[in-house]
Amino acid sequence: SRIEKDLLTGMVDYVLVIPETYTNMSPVAWNAVIQAGRVLGRPEWIGEALQRADVFMRQQFLYDGHWQETAPSYCQQTVGLMRSFLAVLKGYEPAPAARQDQEAVLARVRSALAALEAAHGATRLPNGGLITVNDTWATAGRAPSRVRSQLLPGMGLATLVAGEDDDQAMVWLNYTAGRGHKHNDALSMALVAFQRELWRDLGYTHTAWRTWSVVTASHNTVVVDGVDSAIDGEHRQNRLRAYVTAHPRLGLVEAEHDGAYAGRCSRYR
């Protein structure tokens, strides 16, 4: 029909010709392409979406499995979209000529998603919400979480946890890098205890407070000469120096940032 050829096919062709940038929103387009391909009998569209997802999962994540933007809210969004990607492929049978390659791609995507989910799970607060690092929404989860000390070295987040249940306390050190959704908060800290955020990070906001929420002075850290700390866009200047959790009564984490205040101080640790 003309609707199939001129409208739907034209829409998919238009989407696929746009240069792929592999952002956290890319799976939205792939999901639509897969659905159109399954309805209209166009397996080449599905194959293209699979290949893009394969590149996405191999190239756009940090080495600890976390999404490249060091904000747990955006990692959560990516987890949800990749789950939906696999959901729209449920029951799909590749053509015999493409079966081996496409099944291998699906296996890699599932494996990468498992690593992504594990990294995302390490960014939970005792109240079930997300650790409000960078552009992350400060909301409680549906149910309390039993958290433990975690280290995400690619993301740049270390947590120390003590106690159990309602008496559980958590402190974290944020030494994240990157560009997207990153705050000017080199080596910031926060503390949760007694079921309250005692040293709080404001996280993400679309309100008039947005400007304040991203500057160094709004975070629990050290401000030098009253100016914002620099951002390590290339993940090269933040460095973890120590992380100790094995001792039953002592937890320790230490990090430094070579470029936080270059020219203003010789050491920022």
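Our structure's up above, just so we're on the same page.
Residues numbered from 1 in each chain as written. Predicted model: local features only at pLDDT ≥ 70, side-chain atom pairs only at ≥ 80, totals over all residues. Heavy atoms only, no water.

(A) Spatial organisation of helix α5 (residues 99-121). Taking 1.5 Å of rise per residue, the 23 residues of α5 would be expected to cover 33 Å, and the 32 Å separating its terminal C-alpha atoms lies within 8% of that figure. Its buried side turned inward, α5 meets α3 (43-59), α4 (72-88) and β1 (150-152). (Helix = DSSP H or I, 4+ residues; strand = E, 2+ residues; numbered from the N terminus. Expected span 1.5 Å × (residues − 1). Contact = heavy atoms within 4.5 Å.)

(B) Looking closely at the packing of helix α1 (residues 2-17) against α3. Running from amino to carboxyl end, α1 crosses α3 at an angle of 25°, the nearest separation of the two axes being 12 Å. Viewed along their axes, α1 and α3 adopt a mutual orientation that is roughly parallel. Considering only the axes of α1 and α3, their crossing is left-handed. Contacts from Thr9, Val12, Asp13 and Leu16 of α1 reach α3 at Trp45, Glu48 and Arg52. Split by residue class, the contact of α1 with α3 holds three nonpolar, one polar and three charged. (Axes fitted to C-alpha atoms, helices over the stretch in contact; angles between N-to-C directions. Parallel < 35°, antiparallel > 145°, perpendicular 65-115°, else oblique. Left-handed = near helix turned anticlockwise from the far one by under 90°. Nonpolar A, V, L, I, M, F, W, Y, C, P; charged D, E, K, R; others polar.)

(C) Structural view of the pattern of salt bridges. Counted according to the given criterion, the structure contains 17 salt bridges. Ionic pairing is found between Glu234 and Arg179, a salt bridge with its closest N-O pair at 2.4 Å. Of this pair, Glu234 sits in the loop between α6 (210-214) and β6 (238-244) while Arg179 sits in the loop between β3 (169-174) and β4 (188-193); the two residues are 55 residues apart in sequence, bridging distant segments of the chain. Of the residues examined, Glu234 reaches a relative accessible area of 41% and is grouped as partly exposed. (Salt bridge = Lys/Arg side-chain N within 4 Å of Asp/Glu carboxyl O. Buried < 20%, exposed > 50% of the residue type's maximum accessible area, 1.4 Å probe, protein only.)

(D) Main features of the sheet that holds strand β5 (residues 196-199). Ordered in space as β1-β2-β3-β4-β5, the five strands form an open sheet in which the pairing is antiparallel. Of all strands in the sheet, those bounded by a partner on one side alone are β1 and β5. Strand-to-strand twist in this sheet, taken as the mean axis angle between neighbours without regard to direction, amounts to 15°. By the bridge criterion, three bridges tie β4 to β5 in an arrangement that is antiparallel. Its bridge partner being in β5, Ala193 is matched across the sheet by Arg196. (Pairing = 2+ DSSP bridges.)

(E) Molecular detail of the pairing of strand β2 (residues 157-162). Most of β2 sits inside the fold, with five of its six residues counted as buried. Strand direction decides the pairing type here: β1 and β2, joined by three bridges, are antiparallel. Looking at β2, one finds that Leu152 is bridged to Leu157. Remark: four residues form the turn of the hairpin made by β1 and β2, two consecutive strands paired antiparallel; Gly156 in that turn has positive phi of roughly 95°. Where β2 meets β3, six bridges bridge the pair, whose relative direction is antiparallel. Looking across to β3, one finds that Leu157 is bridged to Asn174. The loop that links β2 with its antiparallel partner β3 comprises six residues; one of these, Gly163, has a positive phi angle of about 85°.

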